[in-house]
Every structure is written in C-alpha cells, then in structure tokens.
Amino acid sequence: MALVTTGVVVLDCAEPEKLAEFYRELLEAEHVDASANRVEIRAADGFRLALRRDMNATAPSWPRPENSLQAHLEFVVEDLDGVERKIVSLGGRPTESGDPNGPTEERGYADPAGHSFTVRRGVPTAPKQG
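Attention in this report is confined to the structure presented alongside it. Keep in mind that what you see is a predicted model, and the values were worked out from it rather than measured.

Our next topic: helix H1 (residues 16-27). The terminal C-alpha atoms of H1 lie 16 Å apart, and with twelve residues this matches the ideal 16 Å at 1.5 Å per residue to within 8%. Those residues of H1 lying buried are Pro16, Leu19, Ala20, Phe22, Tyr23, Leu26 and Leu27. Each buried residue of H1 lies within a common arc of 155° when the element is viewed along its axis, so the set occupies one face. One or two residues past the end of H1 sits Glu28, with phi positive at roughly 50°.

In structure tokens form, the structure reads like this:
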C-alpha cells in the first residue's frame, strides 16, 4: 500500500477564491474542496492545484534578478495564441514572450496574484538561461 496517495501543488495568496477561479477557468477544472482558507481544483487529467489563504502573501518579483524564480507551474498547450488570449481575459499578464523574430514555443505569464507560470508547446529542447 502506498504511503502517499496523491500530490497537490499549493500556491499561497491573499484571495484563494479569486485565484482558484482563474485556474479553474484556464484549466477547465472542477472545484473538489473548499474551506475558509483553502480552495482545491482538479483538471480533467487529474492535476490538482490548491490555493491557500496567506494574508501576508506577496507576489514574486521574477523576472527581476534580485529574487530569482524558485518554482513555477508549466502547462502544455496546442494553441499558444489562443491560450494567451484566455489568460489575459482571466486577469493574467504576459511576463516573457520569447524571440519576437521567430516562432515561440514557450511563453511566461503571471497569474492575477503574481505567481509565475509558463505555457509551452511540445517538449523543451534546451535548459532555461537566466
């Protein structure tokens, strides 16, 4: 019998209900649990994400070098332009768009609370620089 039955990525934020709605819409997920201080969602592929209330939460300063990126979410998509439109319509913002002179296979964003995430098409081919 496995000791660990599932894993959940948890993001701290001031308003978990609002941030859960952003990710629920983006991932077309469903609410699976909610309390006064935590909301959890599950995407169709089983990915679980919880948003936990922390009234002192501050957004990461990435990509500024004085507070380098420690962790981020990554989502695989087919239509980079389509998902970007959806992210922006839900209150997210682009942080990194890649090389404007060629096709971009990965793009960086911040959710409404400032957490970093990327969307990518296919498998990454090289390590991230910087």
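Another aspect to go through is the sheet that holds strand S5 (residues 73-76). The strands that make up a sheet are held in pairs by hydrogen bonds between backbone atoms, and each pair lies either parallel or antiparallel. The strand order S5-S8-S7-S6 describes an open sheet built from four strands, whose pairing is mixed. Looking at the sheet topology across the chains shown, the edges are occupied by S5 and strand S6 (93-96). Geometrically, the sheet is characterised by an average inter-axis angle of 35° between neighbouring strands, direction not taken into account. Two elements, S6 and strand S7 (residues 106-110), share three bridges in a ladder whose sense is antiparallel. Looking across to S7, one finds that Pro94 is bridged to Tyr109. Across the sheet, H1 is in contact with S5 and strand S8 (116-120); its angle to S5 comes to roughly 20°.

Turning our eyes to something else, we now look at the packing of aromatic side chains. Overall, the coordinates contain seven aromatic pairs when judged by the stated rule. For the ring pair Phe47 and Phe75, a centre distance of 6.1 Å and an interplane angle of 85° mean the geometry is edge-to-face. Of the two residues, Phe47 is situated in the loop between strand S3 (38-42) and strand S4 (48-53) and Phe75 in strand S5; the sequence distance between them amounts to 28 residues. A relative accessible area of 12% means that Phe75 is categorised as buried.

Once that is clear, we can look at the nonpolar core. Of all hydrophobic cores here, the largest spans 23 residues; its most connected members are Tyr23, Leu26, Phe75, Ile87, Phe117 and Val119. Counting only elements with at least two residues in this core, the list comes to strand S1 (9-13), H1, S3, S4, S5, helix H2 (80-89) and S8. Counting residues per element, this core draws most heavily on H1, which supplies six residues. Discounting chain neighbours no more than four positions away, the residues touching Leu26 are Phe75, Val83, Lys86, Ile87, Leu90 and Phe117.

Here we take up unusual backbone geometry. For Glu28, which is not glycine, the phi torsion reads 50° and is therefore positive. The topology assignment puts Glu28 in the loop between H1 and strand S2 (30-34). What makes Glu28 exposed here is its relative accessible area of 64%.

Criteria and cut-off values
Residues numbered from 1 in each chain as written. Predicted model: local features only at pLDDT ≥ 70, side-chain atom pairs only at ≥ 80, totals over all residues. Heavy atoms only, no water. Helix = DSSP H or I, 4+ residues; strand = E, 2+ residues; numbered from the N terminus. Expected span 1.5 Å × (residues − 1). Buried < 20%, exposed > 50% of the residue type's maximum accessible area, 1.4 Å probe, protein only. Arc of directions from axis to C-beta. Pairing = 2+ DSSP bridges. Axes fitted to C-alpha atoms, helices over the stretch in contact; angles between N-to-C directions. Contact = heavy atoms within 4.5 Å. Phe/Tyr/Trp six-rings, centres within 6.5 Å; stacked < 30°, edge-to-face > 60°. Core = buried A, V, L, I, M, F, W, Y, C linked by side-chain atoms within 4.5 Å.

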